[in-house]
Amino acid sequence: MNSNYFKLLLKLQKVKYGKELLLKGIPVIFNKKGAEIAIGDGCTIKSSFLSNLVGLYSRTIIVTRRPGAYIRIGNNVGISGATIYARKGITIGDNTAIGGNVKILDNDFHPIELEERNNLLNDKNGGNSDLVPAKEIHIGRNCFIGCNSIILKGTFLGDGCVVGAGTVVAGEFAPNCVIVGNPAKVIRTLDTN
């Protein structure tokens, strides 16, 4: 599919995107009615196997799951085969690089408690329930999220943070931190001079 045709599909879904959106391969983008997806100027979304030689497992997936949910992606953001899935809200700052196969998930997809999970299975709205725990995610400007990392609900990354490959991130992190591991921990602070 030609990316110009895909951009027409984005407009039909009321996905806002800025100038010079570059699509390498065709992503999966779904905007729930009453939700918001906004992609800034100069963004690159890679979704084909050869578009990033780190080895992408799938196309980039950007999804709002509930009315009122939002995904706001700043200017000059690069995304490679990542999943960005919002039930509440996800903000990604300008000039942020999101490495291959990263998952940014503002929710748990299922309740932890057995009875609530069973109630969700029987939800006549198909899972659009408040039973799923969700908290907004904020990723600052000039961040780098290494390949195969997972950013979990409620995470706040200050500007300039670097997340090492394979890190599982939850919590709040000050600007210019290098964050690694599972659970994630700060191993150093970057000199900003």
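Here the residue index of a chain counts from 1 through its sequence in written order. For a predicted model such as this one, the threshold for reporting local features is a pLDDT of at least 70, and the threshold for listing and counting side-chain atom pairs is 80 or more; totals across whole chains, interfaces and linings nevertheless cover every residue. Computation of side-chain values covers all heavy atoms of the structure but excludes hydrogens and water.

A closer look at the sheet that holds strand S2 (residues 22-24)
Across a sheet, strands are paired by hydrogen bonds formed along the backbone, either parallel or antiparallel in direction. When DSSP finds two or more bridges between two strands, those strands count as paired. Secondary structure elements are defined from DSSP: runs of H or I of at least 4 residues count as helices, runs of E of at least 2 residues count as strands, and each element is numbered from the N terminus. With respect to topology, 8 strands assemble into an open sheet ordered S2-S5-S8-S11-S14-S17-S20-S21, the strand pairing being mixed. Two strands bound the open sheet, and with one partner strand each, they are S2 and strand S21 (185-189). Sheet topology places strand S20 (residues 177-180) next to S21; 4 bridges connect them, and they run antiparallel. Bridge pairing in S21 places isoleucine 179 opposite valine 186.

Section: helix H1 (residues 3-12)
Throughout this description, buried means an accessible area under 20% of the type-specific maximum (1.4 Å probe, protein chains only), exposed means over 50%, and partly exposed covers the range between. Among all positions in H1, only Phe6, Lys7 and Leu10 are buried. Along the long axis of H1, the arc covered by the buried residues comes to 105°, so they all point the same way. Across from the buried face of H1, at angles greater than 90 degrees, the exposed residues are Asn4, Tyr5, Lys11 and Leu12. We call two residues contacting when some pair of their heavy atoms lies within 4.5 Å. Buried positions along H1 lie against strand S1 (16-17), S2 and strand S3 (28-31). With its phi angle positive at about 65°, lysine 14 sits one or two positions after the end of H1. For this quantity, the arc is that covered by the directions from the helix axis to the C-beta atoms.

Thoughts on the packing of aromatic side chains
Think of a pair of aromatic rings as described by two things: how far the centres are apart, and how the planes are tilted against each other in angle. Under the pairing criterion, centres of Phe, Tyr and Trp rings, with the six-membered ring standing for Trp, must be within 6.5 Å; the plane angle then separates stacked pairs below 30 degrees from edge-to-face pairs above 60, leaving the rest tilted. Tallying each qualifying case throughout the model produces 1 aromatic pair. An angle of 45° between the planes, with centres 4.6 Å apart, marks the rings of tyrosine 85 and phenylalanine 109 as tilted. Taken together, the residues tyrosine 85 in strand S9 (residues 83-86) and phenylalanine 109 in the loop between strand S12 (103-105) and helix H2 (114-121) connect sequence positions 24 residues apart.

A look at the environment of isoleucine 98
Checked against the element boundaries, isoleucine 98 lands in strand S11 (residues 97-98). The sequence separation of isoleucine 98 and lysine 88 amounts to 10 residues, and the corresponding C-alpha distance is 20 Å. Setting aside its immediate chain neighbours within four residues, isoleucine 98 contacts Val77, Gly78, Ile79, Ser80, Ala82, Ile84, Ile92, Ile104 and Ile145.

Examining the pattern of salt bridges
What makes a salt bridge here is a side-chain nitrogen of Lys or Arg within 4 Å of a carboxyl oxygen of Asp or Glu, nothing more. A complete count under the given rule lists 3 salt bridges for this structure. Ionic pairing is found between arginine 72 and glutamate 36, a salt bridge with its closest N-O pair at 3.0 Å. Taken as a pair, arginine 72 in strand S7 (residues 70-73) and glutamate 36 in strand S4 (residues 36-39) lie far apart in primary sequence, 36 residues in all. Under the relative-accessibility criterion, arginine 72 is labelled partly exposed at 36%. Between arginine 141 and aspartate 159 there is a salt bridge, with its nearest N and O atoms 3.0 Å apart. Pair noted here: arginine 141 is in the loop between strand S13 (137-139) and strand S14 (144-145) and aspartate 159 is in the loop between strand S16 (156-157) and strand S17 (162-163), with a separation of 18 residues, a long-range link. For aspartate 159, a relative accessible area of 27% translates into the label partly exposed.

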